[in-house]
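Tertiary structure, described
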Amino acid sequence: MRGKQTVRGMFLSMAVIVAVAGAFYLINPHDENADPLKAVDYRVELVTAQRAAPYPVMAPKGLPKTWKPTSVSYVRQDGNAWHLGFLDPDREYVAVEQSTDPAGKYIADVTHDAEDTGKSSRVGGETWQRWEGPKYDALVRTAEGVTTVVTGTAPHERLVEMVEALEPGKS
């Protein structure tokens, strides 16, 4: 008799646990269509980088809301490296990268080994070198000891759109 009570109690306990877990599942909202990639608010990091960097930190202004910021960082110990990543309206990646590290190695790192095409584009009154690679393409500008790279999987037109939106902050 004692063994049957133990088995019966176990099944009752299990039924209660399943009922409680089911209730939690039903109460919590689920949206399978929701975008799993959340937008980041980069304003605090931008202000911090603008105060700390020895160069004018670039960030876009006036981009449409269809551009989603996805990543941001500033690492002083790593050549004062500024990074700001976005998904464009077509969900292609575009990043703004800046650093005081030597240009050759830095560009290769952030573009995943893209190479200079020898071509340039005049964007926003500045000349940008065009780089192409197996993973990322890029627009690159080096001036006054800082290298600025706009890179990503997005097509050239989207990289140009990002460069046109860039504005320097205070150094």
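Below, the structure is looked at part by part.

Focus: the overall build of the protein
In terms of regular secondary structure, the protein is built from 4 helices and 9 strands. For 171 residues, the compact-globule estimate of 2.2 N^0.38 gives 16 Å, and the protein exceeds it by more than 25% at 25 Å. Considering only C-alpha atoms, the protein reaches an extent of 90 × 30 × 30 Å along its principal axes. The 171 residues of the protein split such that 36% are buried. Here the contacts in the protein between residues at least 6 apart in sequence split such that 48% fall between residues at least 24 apart.

Here we look at the nonpolar core
The biggest cluster of nonpolar side chains holds 29 residues, and the ones touching the most others in it are W82, V150 and M162. When residues of this core are traced back to their parent elements, those giving at least two are helix 2 (43–52), strand 1 (58–60), strand 3 (81–87), strand 4 (93–99), strand 8 (146–152) and helix 4 (156–165). The dominant element in this core, judged by the number of residues it contributes, is helix 4, at 5 residues. Those residues in contact with M162 that lie beyond four places of it in its chain are P60, L63, W67, F86, V94, V96 and V150. Formed by 8 residues, the second largest nonpolar core is a distinct cluster that contains I107, V110, W131 and A138.

Structural notes on a nonpolar patch on the surface
Residues V7, M10 and F11 make up a contiguous nonpolar surface patch of about 320 Å² in total accessible area. The residue M10 is located in helix 1 (residues 2–27) in this model.

Describing the sheet that holds strand 2 (residues 68–75)
If you walk across this open sheet you meet the 7 strands as 2-3-4-8-7-6-5, and the pairing is antiparallel. Each end of this open sheet is capped by a strand with a single partner; those strands are strand 2 and strand 5 (115–123). The sheet shows a mean angle of 20° between the axes of neighbouring strands, direction not considered. Across 6 bridges, the pairing between strand 4 and strand 8 is antiparallel. Bridge pairing in strand 8 links V96 to V150. The sheet contacts of helix 4 involve strand 3, strand 4, strand 5, strand 6 (126–132), strand 7 (137–143) and strand 8, and relative to strand 7 the element is tilted by about 35°.

What counts, and where the lines are drawn
Residues numbered from 1 in each chain as written. Predicted model: local features only at pLDDT ≥ 70, side-chain atom pairs only at ≥ 80, totals over all residues. Heavy atoms only, no water. Helix = DSSP H or I, 4+ residues; strand = E, 2+ residues; numbered from the N terminus. Rg over C-alpha atoms; globule rule 2.2 N^0.38 Å. Buried < 20%, exposed > 50% of the residue type's maximum accessible area, 1.4 Å probe, protein only. Contact = heavy atoms within 4.5 Å. Core = buried A, V, L, I, M, F, W, Y, C linked by side-chain atoms within 4.5 Å. Patch = residues over 30% accessible without salt bridge, like charges linked within 9 Å, V, L, I, M, F, W, Y side chains within 5 Å. Areas by Shrake-Rupley, 256 points an atom, 1.4 Å probe, with all protein chains shown as cover. Salt bridge = Lys/Arg side-chain N within 4 Å of Asp/Glu carboxyl O. Pairing = 2+ DSSP bridges. Axes fitted to C-alpha atoms, helices over the stretch in contact; angles between N-to-C directions.

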